[in-house]
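# Per-entry structural report
Listed below, chain by chain, are the residues.
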Amino acid sequence: MNRFAWGIGWRMALLGLLAGTMVYIGPASRFMPLLIVTSLLLLMVAVNLYQYVTGVNRKLTYFLESVRYSDFAISFNADSKLGPSFAQLNQQFNEVLEAFRQARAEKEANLQYLNTIVQHVSVGLLAFDAAGQVELVNQAALRLLDTYRLRLLTDLADQYPDLPARLTGPDRQAAFAYTTASGNDLAIRTTDVRLRGRLVTLVSLQNIRSELQQKEVDAWQNLTKVLRHEIMNSVTPLVSLTGTMQAILEHDIVANLPPLDTTPGSAPPTLPNAAIVHEAVTDLGDALNTIAQRGEGIMRFVDAYRNFTTIPAPRVSSISVQTLMQRVAGLVRSEFEGRRIAITVVQPDAPLTVLADEAQVEMILLNLLKNAGEALEKTVNPSIRFEALLDGTRSVIEVADNGPGIEPEALDQIFIPFFTTKKTGSGIGLSLSRQMMQQMGGQLTVSTEVGKGSIFRLLF
């Protein structure tokens, strides 16, 4: 017999002994103290027997409570010595709790893993319940919405008054475009998910500005290719025919004209109106030369825009921003000093590196500095600030001037190919610069204030 049975047996025997003692003593008054003591002992043994017998029920209650409240630190070992059945029951309880503990640890690890992924994806993710309580938001969403914290959907109302209604209203669209205050063009998609009966709305935000810019560049490239093809096809034969006509004029006509002798007493010309013919031939030659020169000029001009459609793929590597800026500033410093333009190079204390094509970034910076210098021709005390900084997780290089700024009507067009505000500009410098930045995964942006200057930013 196991210890559990022995425990019940001796308790039952003790109860019988105490009950018999009470019967034997009887109601005699002289044994009243003994009767009281015996009654108390009988009650204590009865309570102990009840607790002993119902211990399994209490253990089962503790087990279920630990599962309910996810308290898996409890262990069942105290009564394992009462018999094999108790030891086996405790072992099963402990194994079940360990399985729950491992499942919870795995669940927490998976949640941590998924949260890490969500926080590192470039697409902004936002989830909120029916009351507008934000349950999930990643850093990409905060960056795209230009905020640092988001607990309630209504927190967006101050900066974007119409956005909360567009995300929760009865006329909500599953997908729509939205422009933020910083100029980001966002593609926003919403979908509803039911989690254990709760309605949760999941929102994805993606910055499509670079995609729109790339589509714009592609359209201009295609247009440029078509125009270049058509112009070259039309001008090339004209230049060729002009050359042929020049050769005919020089070798077949001019060479066979009699000399025009204007000395007194000379013989009359054999060709009627010889002077007029010579003058006409000379004018014809000049006209053909002009046509040939202008035709060749047009061909060189059109062929020069081939660079706009044939930018080489970037060779991305890790480059030091400080070293690059010092080298670029050194290339323009002497020219700026000669024009009395002050250039100030501002760099962060900590080393800053970016992944980009060093040659292309150098070309972009030189173009921006050159444009800034040209914008300062009529500015008193002209100055340029050449600065690198870290904006959150993005490295930024700025070229800022104190010139006249850019007129609002021109601001939206300065990155369009062939558009220029300069008398001698080709209009492809900024377009090429933006295209190169896009190929490297970055952006080229501009902010300006008329009368106070402009700031061009390279965002890596």
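The structure contained in this document is the topic of the report that follows. (Residues numbered from 1 in each chain as written. Predicted model: local features only at pLDDT ≥ 70, side-chain atom pairs only at ≥ 80, totals over all residues. Heavy atoms only, no water.)

### Remarks on the overall build of the protein chain
Worth spelling out the cut-off: By the criteria applied, helices consist of DSSP H or I runs no shorter than four residues and strands consist of E runs no shorter than two, each listed in order from the N terminus. Only protein chains enter the calculation, and the probe is 1.4 Å; a residue is then buried if its accessible area is under 20% of its type maximum, exposed if over 50%, and partly exposed in between. Here, residues are in contact when the closest pair of their heavy atoms is within 4.5 Å. With residues, only the protein chains shown are counted as cover, and all accessible areas are computed by Shrake-Rupley using a 1.4 Å probe.
Across its full length, the protein chain holds 13 helices and 12 strands. Looking at the protein chain as a whole, 33% of its 460 residues qualify as buried. The contacts of the protein chain with a sequence gap of at least 6 include a subset with a gap of at least 24, amounting to 58%. Surface summary for the protein chain: the accessible area is close to 28,300 Å², and the carbon and sulfur share equals 59%.

### Some details on helix α13 (residues 429–439)
Most of α13 sits inside the fold, with nine of its 11 residues counted as buried. If you check which residues of α13 are buried, you get Leu 430, Ser 431, Leu 432, Ser 433, Arg 434, Gln 435, Met 436, Met 437 and Gln 438. One or two steps after α13, the chain reaches Gly 441, where phi turns positive at roughly 85°.

### Thoughts on the sheet that holds strand β4 (residues 185–195)
Which entries qualify depends on this criterion: The pairing criterion for strands is at least two bridges between them, as found by DSSP. To obtain each axis, a line is fitted to C-alpha atoms, and for helices this fit is confined to the stretch in contact; angles are then taken between N-to-C directions over 0 to 180 degrees.
Ordered in space as β2-β1-β5-β4-β3, the five strands form an open sheet in which the pairing is antiparallel. What marks the edges here is a single partner per strand, and that holds for β2 (134–137) and β3 (175–179). Put simply, the sheet's adjacent strands are angled 25° from each other on average, direction ignored. One ladder, built from six bridges, connects strand β1 (residues 124–129) with strand β5 (residues 198–207); its direction is antiparallel. Following the sheet pairing, Phe 128 is matched in β5 by Thr 201.

### Description of the packing of aromatic side chains
Quick reminder of the rule: The aromatic pairing rule takes the rings of Phe, Tyr and Trp, using the six-membered ring of Trp, and pairs them if the centres are within 6.5 Å, calling planes under 30 degrees apart stacked, those over 60 edge-to-face and the rest tilted.
Tallied over the full model, the rule gives one aromatic pair. Centre to centre, the rings of Tyr 160 and Tyr 178 are 5.9 Å apart; their planes meet at 75°, and the pair counts as edge-to-face. Here the residue Tyr 160 occupies a position in the loop between α5 (139–144) and α6 (163–168), and Tyr 178 occupies one in strand β3, the gap between them amounting to 18 residues. Across the pair, Tyr 178 and Tyr 160 agree in class, each one buried.

### Focus on the sheet that holds strand β7 (residues 342–346)
The mixed open sheet is built from five strands, whose spatial order is β7-β9-β10-β12-β11. With partners counted over all chains shown, the strands left at the sheet margins are β7 and β11 (443–449), one partner each. Taken pair by pair, the neighbouring strands of this sheet meet at an average axis angle of 15°, ignoring direction. The strands touched by helix α11 (residues 358–375) within the sheet are β7, β9 (383–391), β10 (394–401), β11 and β12 (453–459), with β10 carrying the most contacts at an inclination of about 25°.

### Remarks on the nonpolar core
We apply this condition: Working definition of a nonpolar core: buried Ala, Val, Leu, Ile, Met, Phe, Trp, Tyr and Cys residues. They are joined through side-chain atoms within 4.5 Å.
Membership of the largest hydrophobic core comes to 37 residues, with the highest contact counts inside it found for Leu 365, Leu 369, Phe 386, Ile 397 and Leu 458. Looking at this core, the elements that each hand over two or more residues are α10 (321–338), β8 (353–356), α11, β9, β10, α13 and β12. A total of seven residues in this core trace back to one element, the largest contributor, which is α10. Those residues within four positions of Leu 369 in sequence are excluded, and the remaining contacts are Val 328, Val 332, Phe 336, Ile 343, Ile 384, Phe 386 and Val 399. Listed in part, the 19 residues of the second largest apolar core include Leu 142, Leu 156, Leu 167 and Phe 176.

### Examining the pattern of salt bridges
We count it as follows: Think of a salt bridge as a Lys or Arg side-chain nitrogen and an Asp or Glu carboxyl oxygen that are within 4 Å of each other.
Overall, the coordinates contain 10 salt bridges when judged by the stated rule. Note that Arg 198 is salt-bridged to Glu 135, the shortest N-O span being 2.8 Å. With Arg 198 in strand β5 and Glu 135 in strand β2, this pair connects stretches of sequence that are 63 residues apart. Judged by its relative accessible area of 37%, Arg 198 falls in the partly exposed class. What emerges from the salt-bridge pattern is a single network uniting Arg 385, Glu 387, Glu 398 and Arg 457.

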